[in-house]
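Chain residues, written in single-letter form:
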Amino acid sequence: MRILLLAMPDTVDFIDNAARSPNLALVSLAGNLPGHDVKVMDLVLYKPDIRRAVEKVLATFRPHLVGLSAMTFQYDTLLRVAQVVRRFDPGIKMVAGGYHPSLMARELSEEDLRLLDFIVRGEGEATLGELVAELEHAQPGFSRVAGLSYRQGAHWEHNAHRPLLDLDQLLLPRRDSRVDEGFFFLDMPMDVAETSRGCPFNCKFCSINRIYGNTYRRFPLSRIIADLKAIRRRGARSVFFVDDNITYDIDHFRQVC
Ligand code: B12
């Protein structure tokens with residue numbers, strides 16, 4: 001199946017001057033969809049003419065499924081991009097994921113939900129893989145896919161949550177699925193990586209415990225090193241670690257260093 005994954009372009013202004021960073025979620029999803037033709041577009045690279053970039057990739061790649069990722073402050077843009085996709089080809093299936101769709105799946109407006117076909121709530125690698133497998137069946141059984149919300153006629157079904165993934169089992173991110181590069185931190189080409197997921201604390205300003213509960217999971221060191229080597233081979237000279245709390249387990253952090 002041809003799958004196009006889009007990260008929304010909105011950034012906080014001060015970040016734009018110092019860095020342009022890629023989205024790790026989408027290349028991780030791509031890496032865990034073996035056997036599929038996946039393209040990832042970080043829309044931050046195409047400002048200000050996002051519409052043209054999206055229409056161009058739709059016309060050349062002709063995806064069967066488009067995935068859209070957004071934080072809360074990017075959600076309006078997600079809806080506008082979804083409209084561009086719907087207008088281009090109403091037959092393309094659309095799935096939203098990331099923090100806002102995950103946390104707000106039951107509270108999105110009817111109008112918003114009409115634009116989308118699926119929402120993947122929480123960690124996406126396994127859920128998206130199973131959704132894609134169902135879409136390839138003659139008679140898809142979406143009710144089987146934990147962590148998925150989906151449109152059923154006029155209303156939405158919200159399946160049970162998916163248990164957290166075993167990080168030892170995740171395949172490496174596929175950064176070569178990116179349509180374009182050009183990410184930087186100050187004057188260095190940069191990329192993003194992770195050494196753990198989750199944070200056991202309950203800070204009021206942070207949404208992460210709503211996604212992972214108060215848990216903390218480590219990636220195996222061998223996997224972290226393989227990922228960093230792959231990043232280096234691709235030419236990046238700086239890495240931004242996106243961990244939710246990278247110093248929570250000091251021993252693990254020391255070993256990573
Ligand atoms: C790294 C990070 C940043 C980096 C981003 C660099 C980059 N491009 O990666 C920096 C420092 C720039 C940053 C800044 C901000 N961030 Co920030 N950041 C994070 C952090 C720590 C990790 C995100 C990450 O990459 N995780 C790793 C990936 C693999 O996981 P993931 O994104 O969750 O993706 C998984 C699922 O969500 C899902 N998924 C995601 N997208 C999709 C799409 C589809 C189609 C599917 C199927 C599934 C799916 O599957 C993925 C794989 O399992 C989180 C979490 C935290 N603890 O604070 C906050 C977090 C995302 N940030 C947040 C915020 C608010 C911001 C700022 C707006 C803060 C501010 N006021 O300035 C800015 C704005 C960013 C910008 N774009 O300008 C909030 C978002 C809350 C919300 N409800 O939207 C978070 C959750 C922290 C919090 N306070 O709660 N951030």
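Quick caveat: nothing in here was measured; it's all calculated off a predicted structure.

Criteria and cut-off values
- The residue count restarts for each chain, going from 1 along the sequence in the order it is written.
- Local features in a predicted model are, by the rule used here, given only for residues with pLDDT of at least 70; side-chain atom pairs are given and counted only at 80 or more, and totals for whole chains, interfaces and linings are based on all residues.
- The side-chain quantities take in all heavy atoms of the structure and omit both hydrogens and water.
- For the purposes of this entry, the term helix denotes a DSSP run of H or I that reaches at least four residues, the term strand denotes a run of E that reaches at least two, and both are numbered from the N terminus.
- Between the two quantities, the radius of gyration covers C-alpha atoms and the globule rule is 2.2 Å times the number of residues to the power 0.38.
- Each residue is placed in one exposure class: buried if its accessible area under a 1.4 Å probe, protein chains only, is under 20% of its type's maximum, exposed if it is over 50%, and partly exposed if it falls in between.
- Each accessible area is a Shrake-Rupley result for a 1.4 Å probe, and residues are judged covered by the shown protein chains and nothing else.
- In this tally Asp and Glu are treated as negative and Lys and Arg as positive; neither His nor the chain ends contributes.
- Here a salt bridge means any side-chain nitrogen of Lys or Arg lying within 4 Å of a carboxyl oxygen belonging to Asp or Glu.
- In the analysis that follows, any N or O atom pair within 3.5 Å is treated as a polar contact, provided that within protein one partner can donate a hydrogen and the other can accept it, and provided that, for residues neighboring in sequence, both atoms belong to side chains.
- Expected helix span is computed as 1.5 Å times (number of residues minus one).
- Within this analysis, the arc is defined by the directions that extend from the helix axis to the C-beta atoms.
- Under the pairing criterion, centres of Phe, Tyr and Trp rings, with the six-membered ring standing for Trp, must be within 6.5 Å; the plane angle then separates stacked pairs below 30 degrees from edge-to-face pairs above 60, leaving the rest tilted.

Novice: Got a minute to help me understand the overall build of the chain in this structure?
Specialist: Assigned secondary structure in the chain consists of 10 helices and 13 strands. Compactness check: the chain gives a C-alpha radius of gyration of 18 Å against a globular reference of 18 Å for 257 residues, within 12% of the reference. When the 257 residues of the chain are sorted by exposure, 49% land in the buried category. Entry remark: accessible area of the chain is about 13,200 Å², with carbon and sulfur atoms responsible for 52%.

Novice: Sorry, what's going on with the side chain of arginine 121 here?
Specialist: Here arginine 121 is to be found in the loop between strand 6 (118–120) and helix 7 (125–136). Despite its burial, arginine 121 pairs with no opposite charge, the nearest such side chain being glutamate 157 at 9.4 Å. Engagement of the side chain of arginine 121 in a polar contact is seen with the backbone oxygen of leucine 148, the distance being 3.4 Å. Among the polar contacts listed, one links the side chain of arginine 121 to the side chain of serine 149, at a separation of 2.8 Å.

Novice: I would appreciate a short explanation of helix 3 (residues 50–61) in the present structure.
Specialist: What sets the pattern is the α-helix's 3.6 residues per turn: residues three or four places apart point alike. Relative to the 16 Å expected for 12 residues at 1.5 Å per residue, helix 3 spans 16 Å between its end C-alpha atoms, a close match to the ideal helical length. Those residues of helix 3 that fall on the buried side of the exposure criterion are Ile50, Ala53, Val54, Val57, Leu58 and Phe61. What you see down the axis of helix 3 is that its buried residues fit within an arc of 130 degrees, all on one side. Opposite its buried face, helix 3 presents the exposed residues Arg52, Lys56 and Thr60, each directed more than 90 degrees away.

Novice: Can you help me understand the packing of aromatic side chains in this one?
Specialist: Describing an aromatic ring pair means giving the distance of the ring centres and the angle of the ring planes. On inspection of all chains with the given rule, the structure shows 4 aromatic pairs. Note on phenylalanine 118 and phenylalanine 142: the rings are 4.9 Å apart at their centroids and 65 degrees apart in plane angle, and the pair reads as edge-to-face. Taken together, the residues span a long stretch of sequence, with phenylalanine 118 in strand 6 and phenylalanine 142 in the loop between helix 7 and strand 7 (148–152) at a distance of 24 residues. Taken together, a centroid distance of 5.8 Å and an interplanar angle of 80 degrees make the contact between phenylalanine 201 and tyrosine 248 edge-to-face. Remark: tyrosine 248 occurs in the loop between strand 13 (238–241) and helix 10 (250–256) and phenylalanine 201 occurs in the loop between strand 11 (196–197) and helix 8 (208–212); sequence separation between them is 47 residues. A relative accessible area of 45% places phenylalanine 201 in the partly exposed class.

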